[in-house]
Amino acid sequence: MARRVLHHNSSNHHPNNVTSPLLSLSLALLCLLSAPAASAQLTRTHYAGVCPNVEGIVRGAVQKKIQQTFVTIPATIRLFFHDCFVQGCDASVMVASAGSNRAEKDHPDNLSLAGDGFDTVIKAKQAVDAVAGCRNKVSCADILALATRDVIALSGGPSYPVELGRLDGLRSTAGSVNGRLPQPNFSLAQLNSLFAANGLSQSDMIALSAAHSVGFSHCGKFANRIYNDPTLNRAYATQLQQMCPRNVDPRIAINMDPITPNTFDNTYFKNLQQGKGLFTSDQILYTDLKSRPTVDAWAGNSVAFQQAFITAITKLGRVGVKTGRGGNIRTDCGVLGR
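Predicted, not measured: the structure shown is a model, and the values here were computed from it.

A.B. asks: Can you tell me about the UniProt feature "binding site: Ca(2+) 2" (unreviewed entry) in the protein, naming the residues and giving the values?
C.D. replies: The positions that UniProt labels "binding site: Ca(2+) 2" (unreviewed entry) are, in the present scheme, Asp257, Thr260 and Asp265. You can see Asp257 is positioned in the loop between strand E2 (253-255) and helix H9 (267-273). Overall, Asp257 belongs to the buried group, its relative accessible area being 1%. Excluding residues within four positions of it along the chain, Asp257 makes contact with His212, Ser213, Asp265, Thr267, Tyr268 and Asn271. A distance of 2.8 Å separates a polar atom in the side chain of Asp257 from the backbone nitrogen of Ile259. Note on placement: Asp265 falls in the loop between E2 and H9. By relative accessible area, which is 15% here, Asp265 ends up buried.

The structure is reproduced here in structure tokens:
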């Protein structure tokens, strides 16, 4: 994914000096009735009664897509991150602009999302809907969450149980993307602030950053630092300068992990120890002493990293989940209300 990759927090105001038990009970009931959708409504067995083989169906479609192109893996991961960070995990990033509505996918920060990520979800949705009992029963949001787990596992990363029950969002606007996605030049404080606003800790942020273990970015996203950034490994900087000379097409793609670019692993952290983080926001995880101990720990312990990653991506998948009247199940992932 070329940039790292969530939903507004609501605050509850409680009156002071409430002494009536009846009033307290009424307020409690009101809070329960008006509370936003919670992650507790997600379950691993959500489709057991209607589409029990959904995970196998999605995995089969994902495997077929990966055989066509490796880009499927980083493209799907990045799509999930960009979806969840804007209005929550509701497949709103899948929606195409229509009429006067400019959708999320057409925001400048999303224009570099690879088409293979979208195609992975579309193909998996078609495979699911080809099964009579499953047709129009499984959301695009859940299919994206499952496909993300599958591409991670199929590229050497951990497999993990996926909580299900998300509905697809009812709106998608380019304006909602503003300020929601981390940028390549972010500092540790900026990264932590953005992730914390969505219930994710510094540890979660560092673990999720390792999605940069697979995939690529474009010269235009990091060219500003390859000539004058002292935190960048000198030999690596020279290599990058050769691949991204000053007048090169900014769309030229470069592997984000120069050592194991096709494997989801903890080499990402080993690279940071050697000054080989492609983005400033990658390398800062090592140069900033507040996050360096975590990088060092996971560079030396793959199992600990994988456990932390599972925790983090599970939390990510709970962000801004739509349920009830807050969403629906699209028959076409790219069209609202269908």
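A.B. asks: Explain the state of the cysteines residue by residue, including any values.
C.D. replies: Taken as a whole, this structure holds four disulfides when the rule is applied. Two residues share a disulfide in this structure: Cys51 and Cys134, whose sulfurs sit 2.0 Å from each other. Across the S-S bond of Cys51 and Cys134 the torsion is about 90 degrees, and the bridge reads as right-handed. Taken together, the residues Cys51 in the loop between helix H1 (21-34) and helix H2 (54-68) and Cys134 in the loop between helix H4 (115-129) and helix H5 (140-154) connect sequence positions 83 residues apart. Like Cys134, Cys51 is buried. One disulfide bridge connects Cys140 with Cys333, the sulfur atoms lying 2.1 Å from each other. Between Cys140 and Cys333 the disulfide shows an S-S torsion of about -95 degrees. By sign, it is left-handed. Placement of the pair is Cys140 in helix H5 and Cys333 in the segment after helix H12 (302-316), with a sequence separation of 193 residues. Taking relative accessible area as the criterion, Cys333 reaches 4% and is therefore assigned buried.

A.B. asks: Describe the nonpolar core, with residues and values.
C.D. replies: In this structure, Phe269 and Leu285 are the most contacted members of the largest nonpolar core, which totals 71 residues. The greatest single-element share of this core, amounting to nine residues, is contributed by H5. In contact with Phe269, other than residues within four places in its own chain, are Ile206, Ala210, Val295, Trp298, Ala299 and Phe305. The next biggest cluster of nonpolar side chains, apart from the first, holds twelve residues, and it includes Leu232, Ala237, Leu240 and Leu278.

A.B. asks: I'd like a rundown of the environment of Ser291, residues and numbers included.
C.D. replies: With respect to the helices and strands, the residue Ser291 is situated in the loop between helix H10 (280-287) and helix H11 (292-299). Taking relative accessible area as the criterion, Ser291 reaches 0% and is therefore assigned buried. Separated by 85 residues in the primary sequence, Ser291 and Ile206 place their C-alpha atoms 8.1 Å from one another. Those residues in contact with Ser291 that sit more than four places away from it in its chain are Leu188, Gln202, Ile206, Ile284, Leu285 and Tyr286. A distance of 2.7 Å separates a polar side-chain atom of Ser291 from the backbone oxygen of Leu285.

Rules and cut-offs
Residues numbered from 1 in each chain as written. Predicted model: local features only at pLDDT ≥ 70, side-chain atom pairs only at ≥ 80, totals over all residues. Heavy atoms only, no water. UniProt positions renumbered as here; feature names shortened; annotations may be inferred. Helix = DSSP H or I, 4+ residues; strand = E, 2+ residues; numbered from the N terminus. Buried < 20%, exposed > 50% of the residue type's maximum accessible area, 1.4 Å probe, protein only. Contact = heavy atoms within 4.5 Å. Polar contact = N/O pair within 3.5 Å; in protein donor to acceptor, adjacent residues only side chain to side chain. Disulfide = S-S within 2.5 Å. Core = buried A, V, L, I, M, F, W, Y, C linked by side-chain atoms within 4.5 Å.

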